[in-house]
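Fold and contact review
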Amino acid sequence: MMMNRILSLLIALCLWAPDLCARTEFQLEKGWKFSRTDAVDAARPDFDDAGWQSVTVPHDWAVYGPFDLNNDPQVVAIEQDGETVASLKPGRTGALPFVGVGWYRIRFDAPGFGPGRCADILFDGAMSNARVYLNGVEIGRWPYGYNSFHFDVTPFLKERDNLLAVRLENLPESSRWYPGAGLYRNVRVILNEAVHIPVWGTHLTVPEVSPAYARANLRTEVAVPEGNRQRLTLKTRIRDASGRVVAEDEAELPRGDIRVFEQTFLLDSPALWSPETPRLYTAESRLCADGVQTDAYSTRFGVRKLEIIPDQGMFLNGEPVKFRGVCLHHDLGPLGAAVNRSALRRQLSIMKEMGANAVRTAHNMPAPELVELCDEMGLMVMVETFDEWRAPKMRNGYHLYFDEWAERDLVNVVRHFRNNASVVMWCIGNEVPDQSSYDGAKIARRLQDICHREDPMRPVTMGMDRVLDAIDTHFAAVMDVAGFNYRTHFYRKAYDELPQQIVMGSETASTFSSRGTYHFPVERTVNKVREDNQSSGYDLDCGSWSNLPEDDFVQHDDYDWCIGEFVWTGFDYLGEPTPYHEIWPNHSSLFGIVDLAGLPKDRYYLYRSHWRPDTETLHILPHWTWPGREGEVTPVFVYTNYPSAELFVNGRSQGRIAKDTTATAASTENEQAARELRRQRRYRLMWMDVRYEPGTLRVVAYDKDGNPAAEREVHTAGKPFRIELSADRTTLAADGKDLSFITVKVVDKAGNLCPEASQEVSFRVKGAGSYRAAANGDPTNLEQFHLPQMHLFKGQLVAVVQSAETPGEIVFEASAGGVKGARLRLVSE
């Protein structure tokens with residue numbers, strides 16, 4: 001009896017004393033050496049890397065440029081006038097030097113490691129074809145650059161003076177966009193006792209959710225040495241966001257071959273996770289062997305109930321909800337692919353402010369930081385995986401690895417993110433040519449089965465663009481949720497013929513625009529190429545395969561079985577400069593609602609006015625500084641959540657216009673152009689006959705009762721006078737990673753933006769920070785991001801300042817010829 005009490009006391013002590021935890025985890029950030037050479041002996045510990053570049057990981061070797069049309073030029077076969085011709089796409093992958101081999105080496109210690117302990121090295125992502133060596137021994141390889149992977153390095157690790165070497169190789173014609181290059185995500189070392197919870201070793205589900213209670217099930221894997229006969233116990237406490245313990249359970253592992261604990265918890269009156277209330281819980285588990293703690297493991301999760309009901313739509317916690325989603329590429333504009341939590345938070349904050357409630361990680365596995373931020377900020381996530389299966393799109397694409405690696409890649413991503421509250425759906429592919437074959441349907445079923453095996457709780461989808469083929473081959477019928485890329489005119493057919501009776505816009509719009517750029521005459525165009533290599537901010541340019549925003553709005557507004565959309569794209573990204581992919585210079589996309597610098601385009605306010613109907617939006621376009629256009633027709637658009645508005649030019653009314661609420665998805669006008677125009681008028685207010693004269697545009701918006709509710713003005717700008725600075729954040733963490741994004745504008749004496757200002761601005765940073773990068777949102781601009789100067793585009797750009805590791809004041813200065821400079825003070829603490 002006494003021995004049992006002593007053992008119970010020891011167990012209680014080890015369970016909740018964090019300092020007794022045997023798990024150690026640390027990141028390998030500083031101290032890396034890097035080279036673009038392919039040295040034969042670079043994996044050897046005694047190799048001389050003194051002449052290599054010193055870098056900090058995450059690191060993207062290619063984003064520093066320079067831009068060059070000879071960086072991965074791609075020749076693509078296209079159909080033209082009934083013939084197949086070769087098309088050169090020089091900027092398809094961003095015209096940055098990502099192709100080739102790069103080596104990384106780092107020396108590190110593993111304090112406390114020794115006999116009886118275990119070790120893993122975890123890579124959040126390495127671009128690409130990683131071959132990993134520890135102390136001269138190859139410990140593994142992983143081809144896919146977007147996925148997280150880990151290796152058991154127990155036999156090869158030492159307590160002191162380890163040498164980790166990583167060889168990466170990016171092949172030409174392996175991507176359709178800029179993939180980044182190098183160790184662009186974090187690298188972690190994990191040390192454990194022999195008895196421990198392995199990487200991604202917990203699976204927490206909440207199969208029952210109601211306002212009164214929720215039932216949570218936790219499965220916890222345990223790694224145990226062969227022949228181990230110790231008594232294994234696991235005690236888990238569930239804590240809410242305030243840290244209060246709301247449930248707990250203790251379990252003992254039965255002796256034998258079973259290596260999984262199963263625990264059940266009841267949560268009374270649970271705080272539910274949703275985009276509006278992203279409440280989170282944490283399961284804190286303590287593993288003991290014969291009463292001695294050997295591991296501690298935390299699993300963060302949310303309590304929510306997502307239902308997709310045929311014909312009725314999608315419901316979150318019992319309430320109808322639709323995806324107001326955006327597709328996001330993994331690059332961070334001027335920072336390249338190197339992951340940074342501050343930059344990701346800024347992107348997601350801009351999307352949330354617009355009204356987005358969901359993100360599609362197109363077309364690849366996301367960084368864990370992105371998913372964690374979506375958990376915390378309240379954004380549903382569709383985790384996407386592959387852009388190719390067996391049928392190739394690119395000469396050196398994923399089809400080279402699919403048969404051998406697809407299951408391993410899929411298992412890793414599902415196990416990595418299956419506990420995250422924000423993740424609501426798995427997407428097993430994007431526009432794969434296999435959808436046109438019956439074998440493709442079998443592949444889809446196999447991949448979906450893998451997802452269900454690893455995570456029975458979430459539905460599976462795929463972005464299908466060959467809608468008729470996908471229906472005919474039963475490919476679309478296989479999926480839990482039928483996701484279609486564009487082709488809204490086939491939505492009804494899909495609803496009528498597919499058993500799911502649910503349609504999702506997995507990729508929508510593909511509208512082109514350049515911030516602050518307007519072309520005349522104002523008309524809807526398809527694949528329009530213009531002399532300035534830009535697209536119009538009137539938001540009427542789109543691709544031949546795609547459509548305008550309202551063509552999607554009307555479907556999801558009018559049909560319950562349409563469960564929402566993911567717009568291509570939330571931000572401009574490096575590569576795919578459609579419709580200018582055959583024209584140089586062009587290195588980044590024009591699809592974004594926000595440009596490459598993170599500055600909203602006019603289209604941002606169209607989405608905001610629709611996605612946030614209860615929040616005031618009143619946006620006027622274009623700018624009103626048009627020397628030389630006096631007397632010419634210059635249409636004015638207003639994006640607003642209000643039902644009507646009146647426009648004035650220098651005090652003269654141009655008429656009061658109301659949105660056309662009679663236009664529906666089922667409208668049957670004989671002329672396509674008439675149907676499209678009515679849809680535009682349902683969501684936009686457009687004065688098409690306004691003639692330009694310098695002065696003031698003024699708009700007065702009216703509420704549903706006809707009362708004036710808001711007004712805005714836009715003024716003709718005078719001569720450029722001074723630089724104006726504003727930062728998204730003025731207080732930074734002194735961790736050497738935090739970022740402030742500073743918008744740099746040139747304005748006139750009255751503070752009006754000068755929309756054609758294009759001066760070169762020079763930057764200087766003093767104090768407890770450094771200059772990191774800049775971007776101006778111009779897809780034709782070939783200036784290197786990391787240099788401390790850049791030309792304005794349409795009067796604006798964004799500069800990025802990074803904190804140091806010591807607290808203090810940071811002073812940012814901007815200067816340009818012919819205008820007054822400006823200074824901004826930040827604080828790092």
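So, the overall build of the protein chain
Secondary structure summary: the protein chain contains 11 helices and 49 strands in total. Relative to the globule expectation of 28 Å for 829 residues, the C-alpha radius of gyration of the protein chain, 28 Å, shows essentially globular dimensions. Based on the C-alpha atoms only, the size of the protein chain along its principal axes is roughly 95 × 60 × 55 Å. Summarising the internal contacts of the protein chain: among those between residues at least 6 apart in sequence, 71% fall at separations of at least 24.

Concerning the side chain of Lys601
With respect to the helices and strands, the residue Lys601 is situated in the loop between strand E33 (562-568) and helix H10 (602-611). Side-chain polar atoms of Lys601 contact the side chain of Asp572, separated by 3.0 Å. Within the local environment of Lys601, its side chain forms a polar contact with the backbone oxygen of Leu590, the two atoms lying 3.2 Å apart. Residues in contact with Lys601, not counting those within four places in the same chain, are Ser513, Arg515, Asp572, Leu590, Phe591, Gly592, Ile593, Val594 and Asp595.

Observations regarding the packing of aromatic side chains
A complete count under the given rule lists 44 aromatic pairs for this structure. Where Trp568 meets Tyr573, the ring centres are 5.7 Å apart and the plane angle is 75°; that geometry is what we call edge-to-face. The class of Tyr573 is buried, set by a relative accessible area of 1%. Note on Trp568 and Phe591: the rings are 6.5 Å apart at their centroids and 70° apart in plane angle, and the pair reads as edge-to-face. Residue Trp568 is found in strand E33, and its partner Phe591 is found in the loop between E33 and H10; the two are separated by 23 residues along the sequence.

Re helix H2 (residues 341-354)
Here H2 is 14 residues long and its end C-alpha atoms lie 20 Å apart, about the 20 Å a rise of 1.5 Å per residue gives. Where H2 is concerned, the buried positions are Ser342, Ala343, Leu344, Arg346, Gln347, Leu348, Ile350, Met351 and Met354. On its buried side, H2 packs onto strand E23 (323-327), strand E24 (358-360), helix H3 (368-377), H10, strand E43 (739-747) and strand E47 (796-803). One side-chain oxygen at the N-terminal end of H2 lies 2.9 Å from the backbone nitrogen of Ser342; it belongs to Asn340. Taken from the residues just after H2, Gly355 is the one with a positive phi, measuring 115°.

Some words on the sheet that holds strand E37 (residues 652-658)
Overall, antiparallel pairing links the four strands, which are arranged E37-E36-E39-E40 in an open sheet. The two strands at the open ends of the sheet, each matched to only one other strand, are E37 and strand E40 (708-715). Between one strand axis and the next, the sheet turns through 15° on average, direction left out of account. As paired elements, strand E39 (residues 696-702) and E40 share seven bridges and run antiparallel to each other. Along E40, the bridge assignment pairs Leu697 with Val714.

As for the sheet that holds strand E1 (residues 24-27)
In spatial order, the strands read E1-E12-E7-E10; together these four strands make up an open sheet with antiparallel pairing. Edge positions in the sheet fall to E1 and strand E10 (149-152), since each of these pairs with one other strand and no more. Direction aside, the axes of adjacent strands within the sheet are offset by 20° on average. As judged from the seven bridges shared by strand E7 (residues 117-123) and strand E12 (residues 187-193), these two strands associate in the antiparallel manner. Within E12, the position partnered with Ala119 by the bridge is Leu191.

Re the pattern of salt bridges
Applying the stated criterion to the full structure yields 64 salt bridges. A salt bridge links Asp240 to Arg244, with the nearest nitrogen and oxygen atoms 3.3 Å apart. For Arg244, a relative accessible area of 52% gives the class exposed. Where Arg679 meets Asp551, a salt bridge forms, and the shortest distance between an N and an O atom there is 3.7 Å. One end of the pair, Arg679, is in helix H11 (residues 672-683); the other, Asp551, is in helix H9 (residues 549-558), and 128 residues separate them in sequence.

Brief notes about the environment of Thr277
Among the structural elements, Thr277 can be located in the loop between strand E17 (260-268) and strand E18 (281-289). With a relative accessible area of 26%, Thr277 lands in the partly exposed category. From its side chain, Thr277 meets the backbone oxygen of Leu272 in a polar contact 3.2 Å long.

Description of the packing of H9 against H10
Running from amino to carboxyl end, H9 crosses H10 at an angle of 10°, the nearest separation of the two axes being 12 Å. Between H9 and H10, the angle falls in the class roughly parallel. Every residue of H10 that contacts H9 at Pro549, Glu550, Phe553 and Asp557 is listed here: Arg603, Leu606, Tyr607, His610 and Trp611. Its residues assigned to classes, the contact of H9 with H10 comprises five nonpolar, one polar and three charged.

A short note on the nonpolar core
Grouped together as the largest cluster of nonpolar side chains are 216 residues, with contacts concentrated most on Leu164, Trp389 and Phe763. Per-element accounting of this core gives the leading share, eight residues, to helix H4 (residues 402-417). Counting 14 residues, the second largest nonpolar core, distinct from the first, contains Ala214, Leu218, Ala247 and Leu267.

A look at unusual backbone geometry
For the peptide bond that leads from Trp568 to Thr569, omega is -5°, which places it in the cis range. One can find Thr569 in the loop between E33 and H10. The omega torsion of the bond from Thr578 to Pro579 falls at 5°, within 30 degrees of zero and hence cis. In this fold, Pro579 is placed in the loop between E33 and H10. A positive phi is found at Ser510, a non-glycine position, where the angle reads about 50°. Among the secondary structure elements, Ser510 is positioned in the loop between strand E29 (503-509) and strand E30 (511-512). A relative accessible area of 1% means that Ser510 is categorised as buried.

Comments concerning the pairing of E37
Looking down a regular strand, the side chains alternate between one sheet face and the other. As paired elements, strand E36 (residues 644-649) and E37 share six bridges and run antiparallel to each other. Paired with Ala645 across the strands is Ile657, a residue of E37. Once E36 ends, the chain turns through two residues before running back antiparallel as E37, passing Asn650 with a positive phi of about 50°.

Things to note about the environment of Ile583
Along the polypeptide, Ile583 turns up in the loop between E33 and H10. Ile583 gets classed as partly exposed once you look at its relative accessible area, which sits at 27%. As for Ile583 and Asp49, which are separated by 534 residues in sequence, their C-alpha atoms are 41 Å apart. Ile583 has contacts with Val529 and Asn533, leaving out every residue within four places of it along the chain.

What to know about the environment of Asn776
Note on placement: Asn776 falls in the loop between strand E45 (769-775) and strand E46 (789-791). Spatially, the C-alpha atom of Asn776 lies 8.7 Å from that of Ala799, the residues being 23 residues apart in sequence. Residues within four places of Asn776 in sequence aside, it is in contact with Arg515, Asp595, Ala597, Asn781, Glu783, Met790, His791, Leu792, Phe793, Gln796 and Leu797. A polar contact of 2.9 Å, which involves the side chain of Asn776, links it to the backbone nitrogen of Asp778.

Let's talk about the packing of H4 against helix H5 (residues 438-454)
Where H4 meets H5, the axes come as close as 9 Å, and the angle between the chain directions of the two elements is 30°. Relative to H5, the crossing made by H4 is right-handed. Of the residues in H5, those in contact with Phe402, Ala406, Glu407, Leu410, Val411, Val414 and Arg415 of H4 are Ile443, Arg446, Leu447, Ile450, Cys451, Arg453 and Glu454.

So, the confidence of the model for the protein chain
Confidence in the prediction for the protein chain averages 95 pLDDT; 97% of positions are at 70 or higher. Contacts for the low-pLDDT stretch residues 1-20, under 50 throughout, to residues beyond four places or in other chains number 28 contacts.

Cut-offs used in this document
- Every chain begins its residue count from 1, and numbering advances along the sequence as written.
- Note on the predicted model: pLDDT of at least 70 is required for a residue's local features to be given, and 80 or more for side-chain atom pairs to be given and counted; whole-chain, interface and lining totals, by contrast, use all residues.
- Side-chain numbers come from the whole structure's heavy atoms, not from hydrogens or water.
- The helix and strand labels rest on DSSP assignments: H or I over at least four residues marks a helix, E over at least two residues marks a strand, and numbering proceeds from the N terminus.
- Computation of the radius of gyration draws on C-alpha atoms alone. For the globule rule, the value is 2.2 Å times the number of residues to the power 0.38.
- Contacts between residues were defined by any pair of non-hydrogen atoms, one from each residue, lying within 4.5 Å.
- Nitrogen and oxygen atoms within 3.5 Å of one another constitute a polar contact, given that in protein one can donate a hydrogen and the other can accept it, and given that sequence-neighbouring residues count only through two side-chain atoms.
- In summary, the pairing rule links any two rings of Phe, Tyr or Trp, Trp by its six-membered ring, whose centres are within 6.5 Å, and it sorts them by plane angle into stacked for under 30 degrees, edge-to-face for over 60 and tilted for everything else.
- Throughout this description, buried means an accessible area under 20% of the type-specific maximum (1.4 Å probe, protein chains only), exposed means over 50%, and partly exposed covers the range between.
- Here a helix's expected span is defined as the number of its residues, less one, multiplied by 1.5 Å.
- Should DSSP find at least two bridges between two strands, the strands are regarded as paired.
- To obtain an axis, a line is fitted to C-alpha atoms, over the contacting stretch when the element is a helix, and the angle between two such axes runs from 0 to 180 degrees between their N-to-C directions.
- Think of a salt bridge as a Lys or Arg side-chain nitrogen and an Asp or Glu carboxyl oxygen that are within 4 Å of each other.
- With respect to orientation, any angle under 35 degrees is reported as roughly parallel, any angle over 145 as roughly antiparallel, any angle of 65 to 115 as roughly perpendicular, and every other angle as oblique.
- Amino acids outside the nonpolar list (Ala, Val, Leu, Ile, Met, Phe, Trp, Tyr, Cys, Pro) and the charged list (Asp, Glu, Lys, Arg) are all regarded as polar, and Gly is one of them.
- To form a nonpolar core, buried Ala, Val, Leu, Ile, Met, Phe, Trp, Tyr and Cys residues must be joined to one another through side-chain atoms within 4.5 Å.
- Helix crossings get a hand from a simple test, with the near helix turned counterclockwise from the far one by less than a right angle marking a left-handed crossing and a clockwise turn marking a right-handed one.
- Each residue carries a pLDDT value, the predictor's own confidence for that position, ranging from 0 to 100.

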